[in-house]
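Residues per chain are reported as follows:
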Amino acid sequence: MLSVRGLSVRFLMPGGRRVAAVTGARFDVAAGECLALIGESGCGKSVLASALLGLLPGNAQTAGSALLGDLDLLAADERTLARTVRGRLIGLVPQSPAAHLTPVRTVRSQLEETVAALTATRGRAALRAAAEAAAERAAFPASHLDRHPHELSGGLAQRAATALALVGGAPLLLADEPTTGLDRDLVDRTVDELRRHVDEPGPGNGTGRALLMITHDLAAAERIADRVAVMYAGRIVELADAAAFFGEPGPRHPYSRGLLQALPDRAFTPVPGMPPELGDLPDGCAFAARCDRATDTCAAPPPAGTVACHHPHVPEDARA
Amino acid sequence: MLELRSITAGYTRNAPVVRDVSLTVAPGESVGLLGPSGCGKSTLARVAALLHRPDSGTLLLDGEPVRHWRHRAPRDRRTAFGVVFQQARLSADPRLPLTDLIAEPLRATGRGREVPDRIAQLAPVVGLTPDLLTRRPHEVSDGQLQRACLARALVLRPRLLVCDEMTAMLDASTAAALVAAVEDYRAATGAALLAVGHDRTLLERWCDRTVHWESLS
Ligand code: SF4
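Anyway, here's the lowdown on the structure attached to this text. (Residues numbered from 1 in each chain as written. Chains lettered and ligands numbered in written order. Predicted model: local features only at pLDDT ≥ 70, side-chain atom pairs only at ≥ 80, totals over all residues. Heavy atoms only, no water.)

Some thoughts on the interface of chain B and chain A
Here's step 1: Each side of the interface is counted separately: chain B has 28 residues, and chain A has 24 residues.
Here's step 2: Of the roughly 2,000 Å² buried at the junction of chain B and chain A (both faces included), carbon and sulfur atoms supply 57%.
Here's step 3: Broken down residue by residue, the surface that chain B buries against chain A is led by Asp171, Ser173 and Arg205 of chain B, which jointly contribute 26%.
Here's step 4: Linking chain B with chain A are one salt bridge.
Here's step 5: The salt bridge partner of Glu277 of chain A is Arg135 of chain B, with a shortest N-O separation of 3.2 Å.
Here's step 6: In terms of residues, the side of chain B that touches chain A owes the most to one element, helix H8 (residues 172-189) of chain B, which gives six residues.
Here's step 7: The residue inventory of the side of chain B that touches chain A, partitioned by class, reads eleven nonpolar, ten polar and seven charged. (Contact = heavy atoms within 4.5 Å. Buried area = accessible area lost by both parts, 1.4 Å probe. Salt bridge = Lys/Arg side-chain N within 4 Å of Asp/Glu carboxyl O. Helix = DSSP H or I, 4+ residues; strand = E, 2+ residues; numbered from the N terminus. Nonpolar A, V, L, I, M, F, W, Y, C, P; charged D, E, K, R; others polar.)

And the structure:
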């Protein structure tokens, strides 16, 4: 479905400084699969999402490719992105639904407008029915369709935004921090609903949607992801099967392990120090300053592959 | 010692979001207040930090009833509290470099001379480097900005910290780091804590005791 190779994003800053927001990202997301891209804020995961949607600011330069079917999202022009990609090929479930929804219009009118823009449905009654069906698919209650975004709870606003994302029948859903600020119960419900949209036979081909979920919420990722990509300082440092990552034998990259150990139901100890500046990355491993396994070897760039580390944990010592 | 007795509070007269709620935080104690979002627990946190006047009920600080809220509260009362909110970006003045953001409560209370010392002490506590201190909010990540907001809350050495969903927007490692910074401060000063949130696992791990919103009224 989506195949990303060597994706890099550089921001050119005033004074000629270059910020390496994303470097050499490589991953695939298949139909019927959820890939969770996890990492701390500022690690580059939201920039990566913006790159896929063609929403980077003017001072960004991209390299590499991101193939969605036959279309390279990085090479597509704005017209193609606006007309065929956003909404139709990629449904965006946004980070702050309240900001994504138009404040002065009801959920119903926004849904109807999106249905009219993205589908062949025409006529008042048909639009109304399609909007109600879209709301129902996202478990948004029909009784709240005539409300404005500010009259909705965080959970309902999230569902309204999800309903909008689903309208165009996009084969790829991109959820950018879909659970930020939600209660645990609502997080569970929100991601379960996203998972349901992955598992449902998709429009047309019947193989289900692909979901790329960008999140800092490890519990949300554990709940629905098939695979996990961990991002650190602009690079994907580990790609793993979700069950092995969250369960046994656990992550292999030292940063991934540290991130899991920071959870309150695990050791609740932070990874020491802070991530490096993306404008000033070392030549070698960007995690070296914080890593308890670092050696002189780590001054050289870590190997490319599923674990970008010179001394990854191997299943034997992972138990220690 | 902070006592909230039968507090009713809200934003419109006839629709209080907090109804007849009572809660006590003993000196040095850490209390987790657990509840779903939108239940009114943030409003209660604002009442407890003297930022919002309740419609009825009594708030006692060390046994003395509080009569004035917000800027009308006496200085020694206001400065007894440090508050950290969920949305650092909404509570931080976007024009101020992080140093000034942290120092502002000192300047506002006429203690500008203490700024350099206090910043030097606090920056390592919350994990901010000198380089980050010179930046404005839009030049740092959410986690870095929240570190600055915590430093600001600690700058007057409060006896009671109120953390309202302090870590809800943060990754696991930054969340654990900020909680550790709060606990280091409390261990050093004996300050009490009211941590408001929706994450049971977090609050139970963090606090001496956790009370559920529904059990309070
Ligand atoms: S390459 Fe070296 S410094 Fe980097 S994570 Fe692996 S062991 Fe640690």
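Regarding the pattern of salt bridges
Here's step 1: On inspection of all chains with the given rule, the structure shows 29 salt bridges over all chains.
Here's step 2: Of the charged contacts, one joins Lys45 of chain A and Glu177 of chain A as a salt bridge, the two residues approaching to 3.4 Å between their closest N and O atoms. Residue Lys45 of chain A is found in helix H1 (residues 45-53), and its partner Glu177 of chain A is found in the loop between strand S7 (172-176) and helix H7 (184-199); the two are separated by 132 residues along the sequence. Grouping residues by exposure puts Lys45 of chain A and Glu177 of chain A together as buried.
Here's step 3: Among the ionic pairs, Asp142 of chain B bridges to Arg89 of chain B, the shortest N-O distance being 2.9 Å. (Buried < 20%, exposed > 50% of the residue type's maximum accessible area, 1.4 Å probe, protein only.)

Re the packing of aromatic side chains
All names here are of chain A.
Here's step 1: All told, the structure shown has four aromatic pairs over all chains when counted by the stated rule.
Here's step 2: A centroid spacing of 4.4 Å and a plane angle of 45° characterise the contact between Tyr232 and Tyr255, whose relative ring orientation is tilted. Of the two residues, Tyr232 sits in strand S9 (residues 227-232) while Tyr255 sits in helix H10 (residues 254-261), which places them 23 residues apart along the sequence. The pair formed by Tyr232 and Tyr255 is uniform in burial state, with each residue classed as buried.
Here's step 3: Aromatic pair Tyr255 and Phe287: ring centres 5.4 Å apart, planes at 70°, arrangement edge-to-face. Pair noted here: Tyr255 is in helix H10 and Phe287 is in the loop between H10 and helix H11 (315-318), with a separation of 32 residues, a long-range link. Grouping residues by exposure puts Tyr255 and Phe287 together as buried.
Here's step 4: What links up through ring pairs into an aromatic cluster is the set Tyr232, Tyr255 and Phe287. (Phe/Tyr/Trp six-rings, centres within 6.5 Å; stacked < 30°, edge-to-face > 60°.)

Comments concerning the sheet that holds strand S4 (residues 56-61) of chain B
Working definition: the strands of a sheet are paired by backbone hydrogen bonds and lie parallel or antiparallel to each other.
Residues and elements named next belong to chain B.
Here's step 1: Across the sheet, four strands lie side by side as S2-S1-S4-S5; this open sheet has antiparallel pairing. Every other strand in the sheet has two partners, leaving strand S2 (18-25) and strand S5 (64-65) as the edge strands with one partner each.
Here's step 2: Strand direction decides the pairing type here: S4 and S5, joined by two bridges, are antiparallel. Residue pairing across strands places Leu61 opposite Glu64, the latter belonging to S5.
Here's step 3: Packing of helix H1 (residues 41-48) onto the sheet brings it into contact with strand S1 (2-9), S2 and S4, and relative to S1 it is tilted by some 125°. (Pairing = 2+ DSSP bridges. Axes fitted to C-alpha atoms, helices over the stretch in contact; angles between N-to-C directions.)

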